[in-house]
Amino acid sequence: MIRGIRPLLRGSTYAGVLFAYCGALASLPLLPFALLPALSWRSASESVQIVLVLLVWAVLVGVVGLARPVRRVLVVSARRLLRVPLPNPVAGRRPSGSLGLDRWRTPLWLVLHVAVGWTGALASGVLFIMGLALPGNWLGAEARASLFGTSVRVSGGWSWVVAAVCILLAVAICVLVTKALRWAAPRLLGPSAAERLALAAEREQLLAERNRIAHELHDSIGHTLTAATIQAAVAGEALSADPATARAAMRSIEESTRAALEDLDYVLGVLREEQSGTAPTRTLADLPELLDRLRHAGAVVEPELSGDLAQVQGTLSRAAYRILQEGLTNALRHGAGGPIVARVAAGPDGLELTVVNRTGARTSPGPGEFPTSGHGLPGLAERVRLLHGEFQAGPDGTQHWRLAVRLPARGSA
């Protein structure tokens, strides 16, 4: 009994009892409407009329629960007063389950809420009044104990004992009312099976979007930092001997970092769930600019373009640009100088991308070896797999590294 009373010392039990009693009082305006069928059927017995009133009352309370705003109000109030961690209902989506059973969870909660509230209010109220009235014999109150036809009047010190028991029982009923509502709230006001599936789908979509953003950020920022580092080294070496080359390298650093900042601003806006601007899109139409930045970094790039690249649109064109960007960046990081061959062949069935560079000791100006995250090639492979393409990367002979990707046309959605 003492363990059951301890929760009453916390505010959650008081708030839970208040929540239960408020639900009971809120159902009172519906009582006159529930009395109408019983008043029209005066020939029925009193017990039948009482049952009829209770059934009609329960139906009216349940109908109120079908209104969509009611569920949100109940969830918020139960979360604050019962201290139950309930998520907000999925906006704009009506729960649906087998035979539409999920939509009746809120009406069932309201009926249970009202029933528990009235039961607790009446029982605890009677017990509290008994506990207060018995010791002083107020209102002519007295207690009798009956057993096997023998009735004994409880008086004197026993009246105080009975009063204390009544008070403890009233407190226990308050605790049980709160526990019953806290147990039922997650099951009836929590997300239904359909809502859980919808929330899981939204969460999966969000994770997929953030994964895509991570790839975009890796490709854009990784390429920019690599190119800018090499261009800075070129500018430092050519500053005295060839100022024009140094100025061109510095302009290339400015252009590439500005493009990377646009990507970064967009990514940060998405991650913060802010209203960001239009996402910067890089497509095969931006390939000449990408090749120019590589040339400013001192790389020798030999593009081999075939087919009508202007016809490549949408996801396929954006993915092709990012794949070429990552492949050329890797060639710039780890290549041994010499020409970097970039082949792009557009056909009716899809798109073929190839990047070939020499391996070995670096001969062109640069900072030497670059630290890498190791996510470049796995990220490329995942991007290609999502587009149902083919991916190959590895040595091509003894002195070259070859990246080959084939993207089918059906991936361009």
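Remember, predicted model here, so these are calculated numbers, not experimental data.

J.: Quick question: what am I supposed to make of the overall build of the chain here?
T.: Along its length, the chain carries twelve helices and seven strands. The buried share of the chain, reckoned over its 413 residues, is 37%. The contacts of the chain with a sequence gap of at least 6 include a subset with a gap of at least 24, amounting to 71%. Carbon together with sulfur atoms contributes 63% to the accessible area of the chain, which is approximately 23,300 Å² in total.

J.: What exactly am I supposed to notice about the side chain of Gln325 here?
T.: Here Gln325 is to be found in helix α11 (residues 314-334). At a separation of 3.0 Å, a polar atom in the side chain of Gln325 contacts the side chain of Arg322.

J.: Quick question: what am I supposed to make of the sheet that holds strand β3 (residues 300-306) here?
T.: Sheet strands pair by backbone hydrogen bonding; their relative direction is either parallel or antiparallel. Taken in spatial order, the five strands make up an open sheet running β3-β4-β5-β7-β6, and their pairing is mixed. Edge positions in the sheet fall to β3 and β6 (390-395), since each of these pairs with one other strand and no more. Within this sheet the neighbouring strands show an average axis-to-axis angle of 10 degrees, counted without direction. Looking at chain direction, strand β4 (residues 339-347) and strand β5 (residues 350-358) are connected through seven bridges and run antiparallel. By the bridge assignment, Ala342 is partnered in β5 with Val355. On top of the sheet, helix α10 (residues 287-296) reaches β3 and β4; it is set at about 160 degrees to β3, its chief contact. Strand contacts of α11: β4, β5 and β7 (400-408), with the helix running at about 10 degrees to β5, the strand carrying the most contacts.

J.: I would appreciate a short explanation of the nonpolar core in the present structure.
T.: Side chains of a nonpolar character, in soluble globular proteins, are inclined to be buried together. In this structure, Leu328, Leu351, Leu353 and Leu407 are the most contacted members of the largest nonpolar core, which totals 31 residues. For this core, the element with the most residues is α11, which contributes nine residues. Filtering out sequence-adjacent residues up to four positions away, Leu328 remains in contact with Leu290, Leu291, Leu294, Ile340, Ala342 and Val355. Of all hydrophobic cores here, the second largest spans 23 residues; its members include Trp57, Leu86, Val114 and Val116.

J.: Which parts of the structure should I look at to understand the pattern of salt bridges?
T.: Side-chain pairs of opposite charge can arise whenever the charged atoms involved come near each other. Evaluation of the coordinates by the stated rule reveals two salt bridges. Glu304 is paired through a salt bridge with Arg343; the nearest N and O atoms lie 2.8 Å apart. Within this pair, whereas Glu304 is found in strand β3, its partner Arg343 is found in strand β4, the two being separated by 39 residues in sequence. Judged by its relative accessible area of 35%, Arg343 is partly exposed.

J.: Which parts of the structure should I look at to understand the pairing of β6?
T.: In regular strands, side chains alternate between the two faces of the sheet. Examined bridge by bridge, β6 and β7 share six bridges and lie antiparallel to one another. Paired with Glu390 across the bridge in β7 is Arg406. From the end of β6 to the start of β7, which pair antiparallel, there are four residues, and Gly397 there has a positive phi angle of about 85 degrees.

J.: Sorry if this is basic, but what is going on with the packing of aromatic side chains here?
T.: Aromatic rings in a pair are described by how distant their centres are and how their planes are angled relative to each other. According to the stated counting rule, one finds two aromatic pairs in the structure shown. With a centroid separation of 6.2 Å and an interplanar angle of 55 degrees, the aromatic rings of Trp57 and Trp118 are classed as tilted. Here Trp57 is found in helix α4 (residues 46-64), whereas its partner Trp118 is found in helix α6 (residues 105-133), with 61 residues between them in sequence. When its relative accessible area of 13% is taken as the criterion, Trp57 is described as buried.

J.: Help me out: how do you make sense of the side chain of Ser124 in this one?
T.: Looking at the element boundaries, Ser124 is found in helix α6. If we ignore the near neighbours within four places in the chain, the residues touching Ser124 are Tyr21, Ala170, Ile173 and Cys174.

J.: Honestly, the packing of α4 against α6 in this entry has me stumped. Any pointers?
T.: The description of two packed helices rests on the angle between their axes and on the distance between the axes. Where α4 meets α6, the closest approach of the two axes is 7 Å, and the angle between their N-to-C directions is 130 degrees. In terms of orientation, α4 lies oblique with respect to α6. For the pair α4 and α6, the crossing hand works out as right-handed. Residues Trp57, Ala58, Val61, Gly62 and Val64 of α4 form the contact with α6, whose own contacting residues are Pro107, Leu110, Val111, Val114 and Trp118. Across the contact of α4 with α6, the residue classes tally to nine nonpolar, one polar and no charged.

J.: What is the right way to read the UniProt feature "transmembrane region" (unreviewed entry) in the chain from this model?
T.: Listed under "transmembrane region" (unreviewed entry) in the UniProt record, and renumbered for this structure, are residues 12-36, 48-70, 108-134 and 157-178. Taken end to end, residues 48-70 comprises 87% helix and 0% strand; its first and last C-alpha atoms sit 31 Å apart.

J.: Is there a simple way to explain α10 in this structure?
T.: Structural remark: α-helix, 3.6 residues per turn; residues separated by three or four positions point the same way. Burial in α10 covers these residues: Leu287, Leu290, Leu291, Arg293 and Leu294. Mapping the buried residues of α10 onto a view down its axis gives an arc of 155 degrees, with all of them on the same face. Gly298 lies just past α10 and shows a positive phi near 95 degrees.

About the thresholds
- Each residue is numbered by its place in its chain's sequence as written, counting from 1.
- In keeping with the model being predicted, local features are shown solely for residues with a pLDDT of at least 70 and side-chain atom pairs are shown and tallied solely at 80 or more, while totals for entire chains, interfaces and linings include all residues.
- Each side-chain value is worked out from all heavy atoms of the structure, with water and hydrogens disregarded.
- Numbering goes from the N terminus for both helices and strands, where a helix is a DSSP run of H or I of at least four residues and a strand is a run of E of at least two.
- Buried, partly exposed and exposed residues are distinguished by accessible area as a fraction of the type maximum, computed with a 1.4 Å probe on protein chains only: under 20%, between the cut-offs, and over 50%, respectively.
- For this analysis, residues touch if any pair of their heavy atoms sits within 4.5 Å.
- Only the protein chains shown count as cover for residues, with accessible areas throughout obtained via the Shrake-Rupley method and a probe of 1.4 Å.
- Counted as a polar contact is a pair of N or O atoms within 3.5 Å, where, for protein atoms, one must be capable of donating a hydrogen and the other of accepting one, and residues adjacent in sequence contribute only when both atoms are in side chains.
- Should DSSP find at least two bridges between two strands, the strands are regarded as paired.
- A fitted line through C-alpha atoms serves as each axis, taken over the contacting stretch for helices, and the angle formed by two N-to-C directions is quoted from 0 to 180°.
- Note on terminology: a nonpolar core comprises buried Ala, Val, Leu, Ile, Met, Phe, Trp, Tyr and Cys residues joined through side-chain atoms within 4.5 Å.
- A carboxyl oxygen of Asp or Glu within 4 Å of a side-chain nitrogen of Lys or Arg is what we treat as a salt bridge.
- What counts as a ring pair is set by centres within 6.5 Å for rings of Phe, Tyr and Trp (its six-membered ring), and what kind of pair is set by the plane angle: stacked under 30 degrees, edge-to-face over 60, tilted for all other angles.
- Any angle that falls under 35 degrees is termed roughly parallel, while one over 145 is termed roughly antiparallel, one within 65 to 115 roughly perpendicular, and all others oblique.
- In this scheme, a crossing is called left-handed if the near helix is turned counterclockwise away from the far one by less than a right angle; it is called right-handed if the turn is clockwise.
- Side-chain classes are defined by residue name, with Ala, Val, Leu, Ile, Met, Phe, Trp, Tyr, Cys and Pro counting as nonpolar, Asp, Glu, Lys and Arg as charged, and the others, Gly among them, as polar.
- UniProt positions are given in the numbering used here, feature names are shortened, and annotations may be inferred rather than shown by experiment.
- For this quantity, the arc is that covered by the directions from the helix axis to the C-beta atoms.

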